[in-house]
Amino acid sequence: MGVVLGIESSCDETAAALVADDRTILAQRIASQDEAHAPYGGVVPEIAARAHAERLAPMIAAVLDDAGVALGDLDAVAATAGPGLIGGVMVGLVSAKALAMAGEVPLLAINHLEGHALSPRLADPDLAFPYALLLVSGGHCQVLLVEGVGRYRRLATTIDDALGEAFDKTAKILGLGFPGGPAVERLAREGDRAAVPLPRPLLGSAEPHFSFAGLKSAVLRAHESGRYAPADIAASFQQAAIDCIVDRLTRALDGIAPVRSLVVAGGVAANASVRASLEGFAEARGLAFSAPPPALCTDNAAMIAWAGHERLAAGMEADPLDVSARPRWPL
Ligand code: KG4
Ligand code: ZN
């Protein structure tokens, strides 16, 4: 049995996990920094980097201990090397380098987006390449054609905000605190999704891209008007966002050779209404639908370890110990 240690520290979750090549998660720990960032209404990079530096080393020791695995027995150490907040990424990558050197095992510098893109295959052994992927997180909103490990074709992206960002900003406008996505989802359950007229930016446009900035501004105007209940605004926002992604996805998939599966990943994929709508969309088009369990949608280290396994299985080379952290790193 081969085991990869995964490390994630690109935003505000500090995480370490041990994943076996048969997809078993042998051990995993995750520490959110929500409380540290909440007073600022968003992630503060300096606070995030310090928190990663304090927490990561004991966390890695704990997962190795939990699973009874020795450093030298690992097949590889895989760490997010970007894109993300550079201080945090450096903490994780430097830790991985030290461990790889000490254990004399290969180092794998993983693109965080590749971790999200391959995470559905960790949860679903039957999910074969190629598949269409909607990647919706706090920093990214893309449709990708995943042709194989390391072979990603971007079909659509956002021209302004990411979808998770739109959820977070809506939460801020409605005073729901941080992080916003889950709070908006909870409040939306009590609201009427048809109560507030909100725009669907780019709906029907020829290019398959996304835009959410106008939707966010309309949410602000609706709230400031004082005419709508927060729950109705949350529900109407969520519905407008879903209408946009379904329309944009239709357009993105129309331009490519047919695929058999539609997959959703990234933090917003934890949203039950988003998942249900995409499942319906997939069914109507005769596509199999796959979404990782919510805990694998938001940032975690198991997906990074799994991306490491995928790279090893594909015969890809390990990275040199002087590999750099990259704040920007498109797939
Ligand atoms: O993938 P992720 O954990 O981190 C990034 O790589 O960005 O995604 C975090 C984003 C945040 O914007 C958060 O508000 C959103 O995912 N999110 C959700 C839900 N859970 C997390 N958005 C909507 N509904 C949710 N249940
Ligand atoms: Zn992420």
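Residues numbered from 1 in each chain as written. Chains lettered and ligands numbered in written order. Predicted model: local features only at pLDDT ≥ 70, side-chain atom pairs only at ≥ 80, totals over all residues.

(A) Quick peek at unusual backbone geometry. Following G82, the chain continues into P83 via a peptide bond in cis, with omega recorded as -10°. Positionally, P83 belongs in the loop between β4 (76-82) and α3 (86-103). Cis rather than trans, the peptide bond between F178 and P179 has omega equal to 0°. Positive phi is not limited to glycine here, since L202 has a value of about 70°. On the secondary structure map, L202 appears in the loop between α6 (180-188) and α7 (213-225). (Helix = DSSP H or I, 4+ residues; strand = E, 2+ residues; numbered from the N terminus.)

(B) How the structure looks around the sheet that holds strand β9 (residues 261-265). Within the open sheet, the five strands sit side by side as β8-β7-β6-β9-β10. Their pairing is mixed. The outermost strands of the open sheet, each flanked by one partner alone, are β8 (151-157) and β10 (288-290). Averaged over all pairs of adjacent strands, the angle between their axes in this sheet comes to 25°, without regard to strand direction. As paired strands, strand β7 (residues 141-148) and β8 are joined by six bridges and run antiparallel to one another. Bridging from a neighbouring strand, L145 pairs with R153 of β8. (Pairing = 2+ DSSP bridges. Axes fitted to C-alpha atoms, helices over the stretch in contact; angles between N-to-C directions.)

(C) The packing of α6 against helix α8 (residues 230-254), seen in detail. Interhelical geometry of α6 versus α8 gives an angle of 110° and a closest axis separation of 8 Å. In terms of orientation, α6 lies roughly perpendicular with respect to α8. Between α6 and α8 lies a crossing of left-handed hand. In contact with V184, E185, L187 and A188 of α6, α8 contributes P230, A231, A234, A235, F237 and Q238. (Parallel < 35°, antiparallel > 145°, perpendicular 65-115°, else oblique. Left-handed = near helix turned anticlockwise from the far one by under 90°. Contact = placed C-beta atoms within 7 Å.)

(D) Structural detail: the domain arrangement of the protein chain. Here the protein chain is partitioned into domain 1 (3-117 + 297-313) and domain 2 (130-291). Computed over C-alpha atoms, the centres of domain 1 and domain 2 are 27 Å apart. Of the residues lining the interface, 14 residues belong to domain 1; the matching set on domain 2 comes to 18 residues. Every element with two or more residues in the side of domain 1 that touches domain 2 is listed here: α1 (34-37), α4 (112-123) and α11 (302-313). (Domains from an automatic or database assignment.)

(E) View of the site of ligand 1. Of all residues adjacent to ligand 1, which total 20 residues, the nearest are G138, G164, G181, G267 and N271. Of all the elements in the fold, those that place two or more residues in the shell around ligand 1 are α5 (163-173) and α6. Within the shell around ligand 1, the residues separate by chemical class into six nonpolar, 10 polar and four charged. In this structure, the shell around ligand 1 is formed jointly by two domains, domain 1 (3-117 + 297-313) and domain 2 (130-291), each of which donates at least three residues. (Near = placed C-beta within 6 Å. Nonpolar A, V, L, I, M, F, W, Y, C, P; charged D, E, K, R; others polar.)

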